Amino acid sequence: MAGHTPRPGAGLRAFFEARAIAVIGASDDITKIGGRPVHMLVKYGYKGAVYPINPKGGAIQGLPAYASVRDTPTAPELAIIAVPAAATPAALRDCAARGVKAAIVLSSGFVEAGPLGAALQDELVVIARENEMRVLGPNCLGTVNVADRLIGSFSIALEESMPPVGQVGIVSQSGNVGSHTMQSVARRGMGVSRFIATGNEADVDVADGIAALAADPATRIILCCMETCRHAGKLIDALCMARERGKPVIVLKIGSTEIGQAAAASHTGALTSSDAVIEAVFRRHGVLRVRSVEALIDIGHAASLLLPGRLPRNDAVTLVAASGGFGIMMADAMSEAGLALPPLAPHTQARIREAVPTASTGNPVDASAQMSSRPDILLKMLTALLDDPSDGALALFMSLSLYNTRLRGIYLEALAQVRASHPDRLLLIISQGPVEAVEKINALGIPVFSSIDAAATGLAGLVRLGRLRAADAAPRREMAAEPVDPAVFRNEFHAKRALARAGIDVPQETIARDADEAARAAEAIGYPVVLKIASEDIAHKTEVGGVALNLADAQSVREAYVRVKANAARHAPQARIDGVLVAPMARGGTEMIAGISQDPVFGPIVMVGMGGIYAEVLKDVAVQAAPVSEEEALAMIRSLKMFAILDGARGQPKADIDAAARTVARLSEFAYRHRGEIAEIDMNPILVRPQGQGVVVLDALMIPRAAPAL
């Protein structure tokens, strides 16, 4: 471990399973950061030894105190450090000398406080690496092992009570967001296994936390609150660990990987956002991303009740309410969330009418108040719906019914029976309470959502989670970095020659250096042709009048050659001109765009989108970390909002999307091999011809990576 970044989760056992803990900076005042861990360890019955450390010695909160960690009767495995930032390196060195394996630095005043604090934080890392210690924080909220009552935290969420013991693990970069999540999980009646908040992440980061929870036998589902990713490979390794162990990861990702993305020279760089990149990485590795704390808790709670076997098998949902108005509201919310509302089978409709003659038998089902008049009637209707061949989820809206003692009894009896008769089917309830009734329904393994919108968001999330878990893991493909011919940065001719060698189709083209050579080239290629200025100093040729289209004869070519050269000289007088590119005027097909940009964390990113205004105005693009397989590239293309245009909308011929996917995959491999030298690649436009006729890249731009500053 010494001298390098440890593998994800390595050395974290002591944070959760230490048999002795030193609290450095311990205080008798339980409202202080140094007093609260001691207080809570004692209050909740931690079974190991607790050693308060304070230069004054004596006794702290009834425990013998020690002037230094070097003086403790045994070597503590874990130290909780709550001293001023300037004193923290010395405290950590004392820990190293005593053989402490892990340290939680609760103190603030490090990188968040400026250059002096950053230097102190760097010093902590050096000490940790030299002594094979793991350091959590600084400026963090620490760790909790609920079952063992090990509390390395000062969180106010633990002041009055501990969460129940359970199977939900929580990892958060933000202490407050993580603490709020832990408290919310507990209020829902979910049990918590372990909690870790990583703070400044000088050493232990969010990937370590995910890996540690993945390895924990008591953790079944991982909830993560993430602001940024610092180490792409480490995070991916941790996510793979969780996937291999069958533990779903649900992430609330806030902010973006890169703050303030610089303006890019290519269309690709401008269209590729870091937030979209990390979402694509999550999707590739089976992670469900949510957009709010409420969705994190709702979906996490529902998933904990449904795992392992009752996640949605498709996106279908049948809706039931005692009111047509609420049914319509449910239908609107579910449809907007991307869920399908299939019609009920005729025999299902007949069974519903038999149970409730006044019910409408569409979807949503308006079952009227008669459905809850007796348990046997409600049971008949729910049984008919769960037997429907759509095999979808069933969402039952209860309004305020559970607050009525008579109705509550009817619903609980029918739900218990239908859960016993249909143990593998997904049934969810929309109700605001009361709490004791919701707890009884949850105990049946039935999720309860407090509102129609929450149910729609939650069910859509569960559908995505089910699909992510069912999908095969993407193979990890490593390729050695290779040098690239610097000529690719000179002009599109050389860029496209390199792409052609990588298996990407480009037109037959020639660089002409005078008007007569351009005319001869056009004759050889065949009319009509296009002329384009070739210069490494002119990235966007149309902006300087450097393009002439649809030239049908030699005279037009000669005149266009002179015009294009003159325009370039006028608009970019300092530009180095290699000549004029002569290419065929391609027709027939649909335009797309594809390219590569460099993400500061995840490296080369491949982007694909519809051409023209669809990419520029509608931002209709898909991204993924390179390299991608042809299957992944095809999925990216199919995810585009305008995919219907490629798929033969309104009688148009279907485009050759397989060839487009092959082109995107080969581009991603080319960029990954040359990741050390190429910053961006722009293939725009790509002409996708009708099915079976392939694609051709009509223009290409490559931009070198900047030389490292000396």
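The sections below set out a description of the structure shown in this document. (Residues numbered from 1 in each chain as written. Predicted model: local features only at pLDDT ≥ 70, side-chain atom pairs only at ≥ 80, totals over all residues. Heavy atoms only, no water.)

1. Some thoughts on the overall build of the chain
A tally of regular secondary structure across the chain gives 23 helices and 29 strands. Dimensions of the chain, computed from C-alpha atoms along their principal axes, come out at roughly 95 × 80 × 35 Å. Sorting the 710 residues of the chain into buried and exposed places 57% on the buried side. Taking contacts inside the chain between residues at least 6 apart in sequence as the whole, the part at least 24 apart equals 72%. Just so you have it, the chain exposes about 28700 Å², and 52% of that area is on carbon and sulfur atoms. (Helix = DSSP H or I, 4+ residues; strand = E, 2+ residues; numbered from the N terminus. Buried < 20%, exposed > 50% of the residue type's maximum accessible area, 1.4 Å probe, protein only. Contact = heavy atoms within 4.5 Å. Areas by Shrake-Rupley, 256 points an atom, 1.4 Å probe, with all protein chains shown as cover.)

2. A word on helix H18 (residues 515–525)
For H18, the set of buried residues is Ala 515, Ala 518, Ala 519, Ala 521, Ala 522 and Ile 525. In a view along the axis of H18, the buried residues occupy a sector of 160°, so they form one face of it. For H18, the exposed residues lying more than 90 degrees away from the buried face are Arg 520, Glu 523 and Ala 524. For H18, the elements touching its buried residues are strand S20 (510–512), strand S21 (529–534), helix H19 (554–571) and strand S23 (579–584). Residue Asp 514 occupies the N-cap position of H18, its side-chain oxygen lying 3.1 Å from the main-chain nitrogen of Asp 516. (Arc of directions from axis to C-beta. Polar contact = N/O pair within 3.5 Å; in protein donor to acceptor, adjacent residues only side chain to side chain.)

3. Structural notes on the sheet that holds strand S13 (residues 249–253)
What the 7 strands build is an open sheet, ordered S9-S8-S11-S10-S12-S13-S14; its pairing is mixed. One side of each edge strand has no neighbouring strand; the edge strands of this open sheet are strand S9 (150–152) and strand S14 (288–290). Going across the sheet, the axis of each strand differs from the next one's by a mean of 15°, ignoring polarity. Sheet topology note: the strand S12 (residues 221–226)/S13 ladder contains 5 bridges and is parallel. Bridge pairing in S13 places Cys 225 opposite Leu 252. (Pairing = 2+ DSSP bridges. Axes fitted to C-alpha atoms, helices over the stretch in contact; angles between N-to-C directions.)

4. Here we look at the side chain of Thr 348
In this fold, Thr 348 is placed in helix H12 (residues 346–355). Given the relative accessible area of 1%, Thr 348 is considered buried. Setting aside its immediate chain neighbours within four residues, Thr 348 contacts Ala 384, Leu 385, Asp 388 and Pro 389.

5. Digging into the environment of Gly 588
Secondary-structure assignment places Gly 588 in the loop between S23 and strand S24 (590–599). Classification of Gly 588 as partly exposed rests on a relative accessible area of 48%. Separated by 166 residues in sequence, Gly 588 and His 422 have C-alpha atoms that sit 54 Å apart. If near-sequence neighbours (up to four positions away) are discounted, Gly 588 is found in contact with Leu 687, Arg 689 and Pro 690.

6. Overview of the packing of H12 against helix H13 (residues 375–386)
The N-to-C vectors of H12 and H13 enclose an angle of 175°; their axes lie 9 Å apart at closest approach. Considering their axes alone, H12 and H13 lie roughly antiparallel with respect to each other. Residues Thr 348, Arg 351, Ile 352 and Ala 355 of H12 touch H13, and the partners they reach there are Ile 377, Lys 380, Met 381, Thr 383, Ala 384 and Leu 385. Residues belonging to the contact of H12 with H13 are distributed by class as follows: 6 nonpolar, 2 polar and 2 charged. (Parallel < 35°, antiparallel > 145°, perpendicular 65-115°, else oblique. Nonpolar A, V, L, I, M, F, W, Y, C, P; charged D, E, K, R; others polar.)

7. Focus: the packing of aromatic side chains
Between two aromatic rings, the relevant description is the distance of the centres plus the angle of the planes. Scanning the entire structure with this criterion turns up 2 aromatic pairs. Relative to Tyr 66, the ring of Tyr 51 lies with its centre 5.8 Å away and its plane at 90°, an arrangement referred to as edge-to-face. You can see Tyr 51 sitting in strand S2 (residues 49–53) and its partner Tyr 66 sitting in the loop between strand S4 (63–64) and strand S5 (78–81), a full 15 residues away along the chain. With respect to burial, Tyr 51 and Tyr 66 carry one shared label: buried. (Phe/Tyr/Trp six-rings, centres within 6.5 Å; stacked < 30°, edge-to-face > 60°.)

Just distances and angles here, no functional claims.
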